[in-house]
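Below are the chains, spelled out letter by letter.
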Amino acid sequence: MNPRYAPLFEPLALRSGITLDNRIVVAPMTHYSSRSDGTLTDEELHFIARRSRGAGMVVTACAYIAPGGQDAAGEPAADRDETIPELSRWAQVIQAQGTKAVLQLHHGGRNADPGLVPNGDVVGPSAIKDEAGGFVLPRELAPHEIEELIRQFGEAARRAIIAGFDGVEIHGAFALLLQQFYSPHGNRRRDRWGGSVEKRLTFPLAVIDEVKKAVASHADRPFIVGYRFTPEEATTPGLTMADALHLADVLAKQELDYIHVLTNDYRSRPRREADVTRTRLELIKEAVGSRVPVIGGGSIYTADEALEAYETGIDLLSLARGLVIDPDWIEKVKHGREADIETTLRADAQQRLIIPDPLWRMIWGDPGWFPGTS
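Residues numbered from 1 in each chain as written. Predicted model: local features only at pLDDT ≥ 70, side-chain atom pairs only at ≥ 80, totals over all residues. Heavy atoms only, no water.

1. Overview of the sheet that holds strand β12 (residues 316–319)
Two orientations exist for strands paired in a sheet by backbone hydrogen bonds: parallel and antiparallel.
Part 1: Spatially, β3-β4-β5-β8-β9-β10-β11-β12 is the arrangement adopted by the eight strands of the closed barrel, whose pairing is parallel. The mean angle between the axes of side-by-side strands here comes to 30°, regardless of whether they run parallel or antiparallel.
Part 2: The pairing of strand β9 (residues 224–229) with strand β10 (residues 258–261) spans four bridges and is parallel. Bridging across to β10, Y227 finds its partner in I259. (Pairing = 2+ DSSP bridges. Helix = DSSP H or I, 4+ residues; strand = E, 2+ residues; numbered from the N terminus. Axes fitted to C-alpha atoms, helices over the stretch in contact; angles between N-to-C directions.)

2. Quick notes on the UniProt feature "domain: NADH:flavin oxidoreductase/NADH oxidase N-terminal" (unreviewed entry) in the chain
Part 1: UniProt's entry tags residues 8–339 with the feature "domain: NADH:flavin oxidoreductase/NADH oxidase N-terminal" (unreviewed entry), counted in the numbering of this structure.
Part 2: The span residues 8–339 is 33% helical and 15% strand by assignment, and the distance between its end C-alpha atoms comes to 17 Å. (UniProt positions renumbered as here; feature names shortened; annotations may be inferred.)

3. Considerations on the pattern of salt bridges
Part 1: In total, this model carries 27 salt bridges according to the counting rule given.
Part 2: For R278, the salt bridge identified is with E286, shortest N-O distance 3.0 Å.
Part 3: The class for R278 is partly exposed, based on a relative accessible area of 25%.
Part 4: Classification of E286 as exposed rests on a relative accessible area of 54%.
Part 5: In this structure, K332 and D326 form a salt bridge, with 2.8 Å as the shortest nitrogen-oxygen distance. We note that K332, like D326, is buried.
Part 6: In this structure, a network of salt bridges that share partners links the residues D81, E155, R158 and R159. (Salt bridge = Lys/Arg side-chain N within 4 Å of Asp/Glu carboxyl O. Buried < 20%, exposed > 50% of the residue type's maximum accessible area, 1.4 Å probe, protein only.)

4. Let's talk about the packing of aromatic side chains
Given two aromatic rings, one states the distance between the centres and the angle between the planes to describe the pair.
Part 1: Within the structure shown, the criterion is met by three aromatic pairs.
Part 2: Pairing F181 with F203 gives two aromatic rings, centres 4.3 Å apart and planes at 25°, and the pair type is stacked. Of this pair, F181 sits in helix α4 (residues 177–182) while F203 sits in helix α6 (residues 202–218), and the two are 22 residues apart along the sequence.
Part 3: You can call F181 buried: its relative accessible area is 0%.
Part 4: Arranged with centres 5.7 Å apart and planes meeting at 55°, the rings of W360 and W364 form a pair that is tilted. With W360 and W364 both in helix α13 (residues 357–365), this residue pair falls four residues apart, about one helical turn.
Part 5: A cation over an aromatic ring shows up here: R192 above the ring of W193, its NZ or CZ 4.2 Å from the ring centre. (Phe/Tyr/Trp six-rings, centres within 6.5 Å; stacked < 30°, edge-to-face > 60°. Lys NZ or Arg CZ within 6 Å of the ring centre and 35° of its normal.)

5. Some remarks on the pairing of strand β8 (residues 167–172)
Part 1: With six of six residues buried, β8 lies mostly within the body of the structure.
Part 2: Pairing between strand β5 (residues 100–106) and β8: four bridges, direction parallel. For L105, the partnering residue across the bridge sits in β8 and is I170.
Part 3: Summarising the sheet, β8 and β9 pair through six bridges and their orientation is parallel.

Shown next as structure tokens:
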């Protein structure tokens, strides 16, 4: 290994008692390839297995925790006990590569696809449509429905434990339900679930508590609990960088194993309400200090970019698109072959790279969504 990249391969002990072999995390990558009932196909299992070797931890594609939570076709399910055998296959495929397997849990909220939701009943914190591309105007959740969704997150965590996963990641990013509750755009409520910044955090914090209760009740081994979030929203009103820093500070007090920051590019800087001369990752890591490890990444294709991102001070480095293009990225850096890393996705590479048809069509249907295609 080139000594320059040795810091990426140092172990990290998490609060739960689990130690990761290195600092590289395979970030969640939606495969769009599960069956209509949420069961996994062999193609997506082969896809993720091909990209898991050498990583310290793998976070799966998001699995919906309730029948009304699916926001895209081809998503896997964790909404009922019948999914446990499939989830177990998923965990085993990842762990067979010598890494930790973490199941990401989510609910689409107002961004759920009405064609995939029972009776088209799309719900959200408030009856406000997402300006950035929501399907329909959602129905505002009743208080008892909010309580039920909290319970369902805990139940999904229980299933992950039984299935043999090493942990779960609560998906509070990408304009999905937990982000919608924290956002002043998505949440216009005036009850205990909305209003002030603190009240808008009531639902995400309740979900964290419920998941942690499930771990305490059902896990007979160390078990990871992490939380992912998006720093800002483009809408006004919307989440600002100041909101992100407040959220990071609150999350750092929740005894989580990590927080996972979703940025499209590790070099991205705040839009507003923060020091725009510094990156979002730098600011968030500074806000939490040593209280909780921070995962960050985005638009990392080369080993030098990985090192530059890591040197912002984050504790763990997430890779996604770089691993789609080159599944051997981690092993190449580990063994001093970083010059051999592929950074362009070739149109004739699908079979060699074991990319499922639905994901392949998604990439090539919008190459701007996936830089590095030719």
